[in-house]
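Inside the fold
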Amino acid sequence: MVRLGIVVNRTALIVVCIVPFMLSAIPFSLYYRTDDIPALLWSAAATVVVGLLLYLVSPKEGDVGHKEGILAVTLGWVLAAAFGALPFYLYGTFPTYTDAYFEAMSGFTTTGASALADIERQPAGILFWRSMTHWIGGMGIVVLSLAILPALGAGGMQLFKAEVPGPTADKLVPRLRETARRLYVVYAVISAAEVVLLLAGGLSLFDSLTHMFGTMGTGGFSPKNASVGHYRSPYVDLVISAFMFIAGANFLLHYQAWSKRDLAGYARDEEFRFYAGVVAFLTVTTAFSLLRAGLYPHIAESLRHAVFAVVSIITTTGFATEDFERWPTYGHYTLLLLMFIGGCAGSTGGAIKCVRVWMLLKIAANQVFRIVHPKAVRTIRYNGRIVGPDVLSSIQSLFVLYLAVFVLASLALAWLGMDAITAISAVAATLGNIGPGLGAVGPADNYSHFSPVAKWICTGCMLVGRLEVYSVVVLFFPEFWRK
Amino acid sequence: MRTIVIGAGEVGYHIAERLSREGHDIVVVEQDPEVRTRVQDRLDVMTVEGNGASPRVLEEAGIREADLIIAVADIDEVNIAACLLAKEYGVPKRIARARNPDFSEHAFLDHGKRLGIDLLINPNAVVAEEVLDLVKTPAAAEVGKFAGGKVLILGIQIGPEAPILDRPLKALRPLHATTPFVVVAILREGRLILPDGNTTLRPGDHIYVVARRESINPILTLLGKKDEVAERVFVVGGGRIGLRVAQLLEEAHLKVKLLERNPARCEELARMLARTIVLHGDGTDVNTLLEEGISDIDAVVAVTDDEAANILAALVAKERGAKKAMALVKRPHLIELLPHVGIDAGISPRILTASVILRFVRRGHVLSIFEIPQSEAETLEMMVVPQAAVAGKEVRDAGLPAGAIVAAIVHGDEIEIPRGDSVFRPDDHVVVFALPKAIPEVERLFT
C-alpha cells in the first residue's frame, strides 16, 4: 500500500521550491514596465498557500519507499506544471488553462513545444518565467528541492532515483543533499559562463538569460518568434551550439572534470564518446547533404547550420536557426532519428539517452556473437564494468515501453485527423522533450492549432518522457495501488 | 569526516546508519549487489560494489581522502587486509573485526597494533563479557557500565509482583537519601517513555535504571527482584562464543557446565577448559537438561550458532526452573520479543559490536555509551572539560535539551545522583540519557 500522507508531504515541499524562481521574473517586469506583475504575484501566493496547506495537513515523518518516491516525484511534476501554468493563465497569455498547462509542462520537462503563436507580444516577466521553467526542470525540480530543503533527507534517494535520467542514479559524494547542491553549482557555473559569452555577443541581459535557460535546460523556448535564428549571428549560433552540447552530456563528467581539473574523464567515458561520435558523424553528413542541395553557398555556413540543428535535436533542446523543413530528406530523417536517441544519462536532455542506445547496440552485438559461438560465455561491460542482468533488462524494457507509448500516442493523434508526419514527429518531439517536430509542428510552426485533446496527449507524452516512462506508467498498474 | 565501512552486514549497516546521521560522509563497500542496492536505497551514503581488500575497490571508495575505515566484512582476513591497505593509503584511524582469537588475542599482534589496526574487535569476546555482566546481575536484562563500573545502568523487566507498582515514581523520593537512583526511560509496548514524578510503573514495563553499583540491591528489592549471587551457570553451545564465555566464567570462579552437540568438538572443549564440565547433548532436549540439574542452575546461556535453537533452549531451561535464561540472537529486533516469552535477556553480537565501535569512534569527549535497544536513545558518559558550556553550571541552568536527563555526576570517587541544583564541575564524569534528537546538542554542551 502506498503511504499517501508522506507522498503529499514530499510533493508539497517539491512544489513550493518553484516559488522563488517565479518571483525572479518580477525585476524584468519592472525594468520593462510590463503589466504581468499581478499575475506572477498571485501565482506565487497561490503556490505557497496550497503548498504550505498540504504540508501542514500531512505527516512530516514516514518511510519513503520505492513506491512513495515514484508517486511523489510524478505528482510533484504534475503539480509544479499546474502552478507553473498560473502566470500564463492569470495574465491571459492563453485563452484556456489547457494551453497554459501545455506551455508550463513543456517548460518544466524542457520540451520547448509552444502553444504560443506570437511570442514577442508577450510581456517580459511572462517570457522570463516561461524560459525559467526550462532551467529548473533541466537539472530537476526534485534535485533542486533536495539541494535546498533538509526536510527531504529521509527517503531522498528514492526521489532522486525517480527523477535523475539514466539507467542508474549515481551520487557525486556520499551525502545526497551535498550531491544535489554540487550538481546545481556545476550547472550554475556553466550557465553563468554562457550568459557572459552571450552578453559579449551583444545580446541584452534578458535575451542572454532566457536563451541560457533554454540551452542549459535543453529546453528550447526562445523569447523570439524566429528562435535563435533571430540574431542571424554565427557567434551566437556557435556559443549556443557549444553549450547545448555541454548540457546534453553527463553532469557527473562535468563535475569530475572540474573537481579533478582533468578532462581525460570525457575521453574515457563510453557514452560520451558515442554521443560525440553521433554528433560528429551526423553533422558532417548533414552539412554535405546541404551543400549538395545547394542550400548554402559555403561549406562553413552549411556546417554552422548543420551542427546547430544536429546538436539542438540530439540534446533535445529544439532551438532553431533555420527552418530545417526546407532541407533535403536526409536532414529530416537524421533529425527524426536523433529525436529518439537524446542526450546522455545525468544530463538535462531527454529521450531514450545515448547510454541506452549504446547498450542496446552492445546487447545486439552480443547476440550476434553468440549465434557464431553458441558456447561462448560473455559479459556485457560498460566503462570497464560488468553490467548486471537487472540493468540490461531495464534498458531493454524501457526501450520497448518508450516505443509502445510512442506508437499509442501517435496513433491517437492520427485518429484525431493529423497527417502521419505531423502525428509521428509531434509525439517523438514531445515524448523526447525536443519541442519542434516536422510537418505542421516544424520549427517555423507551433502547437497552438492542436485540439485540446491532442494537447493533453502531447502534455502527457512530455511528462512520460522526462520521467523516463517507468515512473508514470507504473501508476497505471493496479498492482501499484494494491495493499 | 569521510568514513569507509567495509561490509554491510548487520554491524556494518547499523554503524553506517548511525555515523551518517552523526555527520560522517560514509562510503559502504559491499560485495553482494542486492545488499548494496538495499543500503543505497535506505541510507544517505555512497556505495561501492566489490571486495574490501582490493586496492581498486578501496580507491573507488575514495580511500585517499578517508579519515576512518571500519572493516566489518564477514571474513576476518578481508578486514585485516583492508586495514593494512588503509594504513598504506594514509587513513589515520583503522578499525577491524576479527572473530578468530588468533588475530585478536595473540600477543605478537598486540591487539592489532602490529597490523596497524587501532581497534581490533572480537565480537565473541565482547559477547562473553556481556554474558559475564548479565550473570553477575541476575535481575537485569541489560547492563551498562560507567565510570569504570562504579555506576551501572540496568534494563529490568517489571513483573506483576513488584512492590513499586501503582505508586508514582515521586513517592519513592524519600528513598533517594539512602539509595539514590534514576529511572531514565521506560519501554512500554514498544514505545520509549521518559518518566516524570507522576509516572507509575506497570507490569510488563521494561525500565532503565541508573544507580551506583552498591545501591543496586535495595533497588532490585523495590522492583520485586531478588538479587542472588549467581554460582552455577549452564552454557548451551560450545562454538567460539560458548568457549569464550566458559573461559571467562571460569576465571570469575563460577561453576560452569557446557553443553555441546558435536562429540568431536566436546573433546576439543574438554582439552581447552580446565574446570568446566563439558557435556555432550542437545540443548533443547529436556531430559538432558533435567539430568544435569537445570532446576538448580542460576543462569542458562544459550549461545549456539542457531538463534532459534538458542531461544528454544532458553525457554525449556526457564520452564524447568532455571533462575535466569539468556539467548543469543542474531537479528536484533528479536530481543524485544524475548521478555514476552519469559526469557530474561537477549544478547545481540551486532548491537554489542556496533556499540564498541561507536564508542571508539566518538572517543575523546564520550567515554562510554550504552544504547537503549529499539530506540536509538543512548546513555552517554562524558567528561566535563573546563571550557564546556555546562562547566560550573547547575543542572537546571545548563540548558540541556528536552529529551536529555542527567542520571549521575561522578566527582572523583564520589557519585552523585543529581538534583536541579547539582553542579557540573570541571573534570566530572557525567552520565546522561538522551533521545536521538537530543544527542548532538548534549555532545555540544559537554565539549
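Reading the values: rules and limits
Residues numbered from 1 in each chain as written. Chains lettered and ligands numbered in written order. Predicted model: local features only at pLDDT ≥ 70, side-chain atom pairs only at ≥ 80, totals over all residues. Heavy atoms only, no water. Helix = DSSP H or I, 4+ residues; strand = E, 2+ residues; numbered from the N terminus. Contact = heavy atoms within 4.5 Å. Areas by Shrake-Rupley, 256 points an atom, 1.4 Å probe, with all protein chains shown as cover. Lys, Arg positive; Asp, Glu negative; His and termini not counted. Charge placed at Lys NZ, Arg CZ, Asp CG, Glu CD. Expected span 1.5 Å × (residues − 1). Buried < 20%, exposed > 50% of the residue type's maximum accessible area, 1.4 Å probe, protein only. Pairing = 2+ DSSP bridges. Axes fitted to C-alpha atoms, helices over the stretch in contact; angles between N-to-C directions.

Topic: the overall build of chain A
- Regarding its fold elements, chain A presents 24 helices and two strands.
- Taken along the three principal axes of its C-alpha coordinates, chain A extends 60 × 55 × 55 Å.
- Put simply, of all contacts in chain A between residues at least 6 apart along the chain, 72% involve residues at least 24 apart.
- Carbon and sulfur atoms provide 68% of the accessible area of chain A, an area that totals close to 19,000 Å².
- Counting 34 positive and 28 negative side-chain charges, chain A places the centres of these two groups 10 Å from one another.

Considering helix H12 (residues 205-216) of chain A
Residues and elements named next belong to chain A.
- Between its terminal C-alpha atoms H12 stretches 16 Å, which fits the 16 Å expected from 12 residues at 1.5 Å a residue.
- Taken across its 12 residues, H12 has 11 buried, putting it largely inside the fold.
- Buried within H12 are the following residues: Phe206, Asp207, Ser208, Leu209, Thr210, His211, Met212, Phe213, Gly214, Thr215 and Met216.
- Those residues of H12 hidden inside the fold are in contact with helix H3 (26-31), helix H8 (124-139), helix H11 (176-200), helix H13 (234-247) and helix H14 (251-260).
- One or two positions beyond H12, positive phi appears at threonine 218, with a value near 50°.

Here we look at the sheet that holds strand E18 (residues 366-371) of chain B
All names here are of chain B.
- Pairing within the open sheet is antiparallel, and its five strands lie in the order E18-E19-E22-E20-E21. Because the sheet does not close on itself, it has two edges, and the strands there are E18 and strand E21 (414-416). Each strand axis lies, on average, 15° off the axis of its neighbour in the sheet, ignoring direction.

Here we look at the sheet that holds strand E1 (residues 2-6) of chain B
All names here are of chain B.
- Spatially, six strands are ordered E3-E2-E1-E4-E5-E6 in an open sheet, and the strand pairing comes out parallel. Taken across any chain shown, the strands that pair with only one partner, and hence form the sheet edges, are strand E3 (46-49) and strand E6 (119-121). Taking the axes of each pair of neighbouring strands and ignoring which way they run, one obtains an average angle of 15° across the sheet.
- Pairing of E1 with strand E4 (residues 68-71) involves four bridges; the strand directions are parallel. Following the sheet pairing, threonine 3 is matched in E4 by leucine 68.
- Its contacts with the sheet place helix H2 (residues 33-42) against strand E2 (25-30) and E3, and it is angled at close to 170° to E3.

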